[in-house]
Amino acid sequence: MEQNVLKEEFIDGCLELTLNRPERLNAFTPELHKALRSALEKAADTHACRVVLLTGAGRGFCAGQDLGDPDSAPGDKPRDLGASIEQFYNPLIRLIRSLEKPVICAVNGVAAGAGANIAFACDLVVASRGAKFIQAFCKIGLIPDCGGTWTVTHLIGEARAKALMLTGVPISAEQAASWGLIWQVFDDESLLTEARKLAQQFATGPTASLAMTKRAIHAALTNELDQQLDLERDLQREAGRGGDYAEGVAAFLEKRAPNFKGR
Ligand code: LHQ
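Residues numbered from 1 in each chain as written. Predicted model: local features only at pLDDT ≥ 70, side-chain atom pairs only at ≥ 80, totals over all residues. Heavy atoms only, no water.

The next subject is the overall build of the chain. A count of helices and strands for the chain gives 10 helices and 10 strands. Relative to the globule expectation of 18 Å for 263 residues, the C-alpha radius of gyration of the chain, 19 Å, shows essentially globular dimensions. Dimensions of the chain, computed from the C-alpha atoms along their principal axes, are close to 70 × 45 × 35 Å. Every one of the 263 residues in the chain was classed for burial, and the buried ones make up 46%. Taking the intrachain contacts of the chain between residues at least 6 apart in sequence as the baseline, contacts between residues at least 24 apart amount to 67%. (Helix = DSSP H or I, 4+ residues; strand = E, 2+ residues; numbered from the N terminus. Rg over C-alpha atoms; globule rule 2.2 N^0.38 Å. Buried < 20%, exposed > 50% of the residue type's maximum accessible area, 1.4 Å probe, protein only. Contact = heavy atoms within 4.5 Å.)

Set out below in structure tokens:
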């Protein structure tokens, strides 16, 4: 068994998770999946954790599924890859999307296959200038997974999604940002510092209302305007009852920084 396939560090309200199989560009094995799932479930259940920051060790972010892993490598008999998706990838994406706190992804290098689409499932994606995103699936006769056909199509539209996914052409971090696939690009050496600054902003933010904002934005992808207006009313009602609203207004009126508790 490999040691520490996932590094976990909890600093000032932020759970920093580092995929740690650098010699395989942090490709996923069942062991890495289990470690990441358990860390994210802990984050969900821990009030003191107000933000998650996901990144990769070494020169890559994540090369997707470990193609050498015996569970998924093609052998004499056809593999049921759907089982791996059902057991590992789909629950991971659902967990990230439903986590009631922001998930930042700091893409520190190449993000390929599932690695790219896991990044796109996160709430804020920042990347180093040298990072690349590759929908590598078509190169090995698979289809994009981890919700990529949905997320990427919603983010950049059908024409660009098809071009990326049918050709597997790599795109730079700058291109991804200019298309709206990710939020911001930083110089390689400042990526983690900048991502941690963002994380600190969330770690002291009004977590419950940020979670509701995340929920409303997700709902907007399928709702009609009327449904969305109703949802905003309901969520604003809930936000208005929270202690952070009272604190936010008091801080504004007293001309001081708010001390949000995340509730
Ligand atoms: C790897 C990997 C890798 C193992 C680099 N596995 N070793 C879901 C359900 C079930 C099954 C199937 O898949 C899925 C979802 C998926 O994610 S499918 C897509 C899987 N990923 C890929 O197809 C990407 C494969 N990797 C690449 O195309 C390249 O490595 C990229 C473009 C990411 C990076 O290229 P380079 O910068 O030139 O690095 P490299 O290729 O030299 O890789 C460095 C090492 O990492 C190398 O090992 P070595 O022993 O020669 O140093 C690679 O073999 C290893 N590696 N990706 N996915």
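After that view of the structure, there is still more to cover.
Let's shift gears to the site of the ligand. Not every one of the 24 residues close to the ligand is listed here, only the nearest: Arg59, Ala63, Gln65, Leu67 and Ala114. The contact in question runs from an oxygen atom of the ligand to an N or O atom on the side chain of Arg24, over 3.0 Å. The backbone of Ala63 places a nitrogen or oxygen atom 2.9 Å from a nitrogen atom of the ligand. Put simply, the parts of the chain that give the shell around the ligand at least two residues each are helix H2 (81–98) and strand E6 (110–112). Sort the elements by how many residues they give to the shell around the ligand and H2 lands first, with three residues. In terms of residue class, the shell around the ligand is built from 14 nonpolar, five polar and five charged. (Near = heavy atom within 4 Å. Polar contact = N/O pair within 3.5 Å; in protein donor to acceptor, adjacent residues only side chain to side chain. Nonpolar A, V, L, I, M, F, W, Y, C, P; charged D, E, K, R; others polar.)

Throughout the structure, instances matching the rule amount to two aromatic pairs. Aromatic pair Phe28 and Tyr89: ring centres 6.0 Å apart, planes at 70°, arrangement edge-to-face. Of this pair, Phe28 sits in the loop between strand E2 (14–19) and helix H1 (30–45) while Tyr89 sits in helix H2, and the two are 61 residues apart along the sequence. Classification of Tyr89 as buried rests on a relative accessible area of 2%. Between the aromatic rings of Phe120 and Phe133, the centroid separation amounts to 5.2 Å while the plane-to-plane angle is 25°, which identifies the pairing as stacked. On the criterion of sequence distance, the pair formed by Phe120 in helix H3 (residues 114–121) and Phe133 in strand E8 (residues 132–134) is long-range, its members being 13 residues apart. For the residue pair Phe120 and Phe133, the accessibility class agrees, reading buried in each case. (Phe/Tyr/Trp six-rings, centres within 6.5 Å; stacked < 30°, edge-to-face > 60°.)

By size, the foremost hydrophobic cluster in this structure holds 50 residues, and its most contacted members are Val107, Ile118 and Phe133. Not counting residues within four places of it along the chain, the set of residues in contact with Phe133 comprises Val107, Ala111, Ala116, Phe120, Ala127, Val169, Pro170, Ile171, Ser172, Ala173, Ala176 and Ile182. If you look at the next biggest cluster of nonpolar residues, it comprises 14 residues, including Val51, Phe186, Leu198 and Ala203. (Core = buried A, V, L, I, M, F, W, Y, C linked by side-chain atoms within 4.5 Å.)

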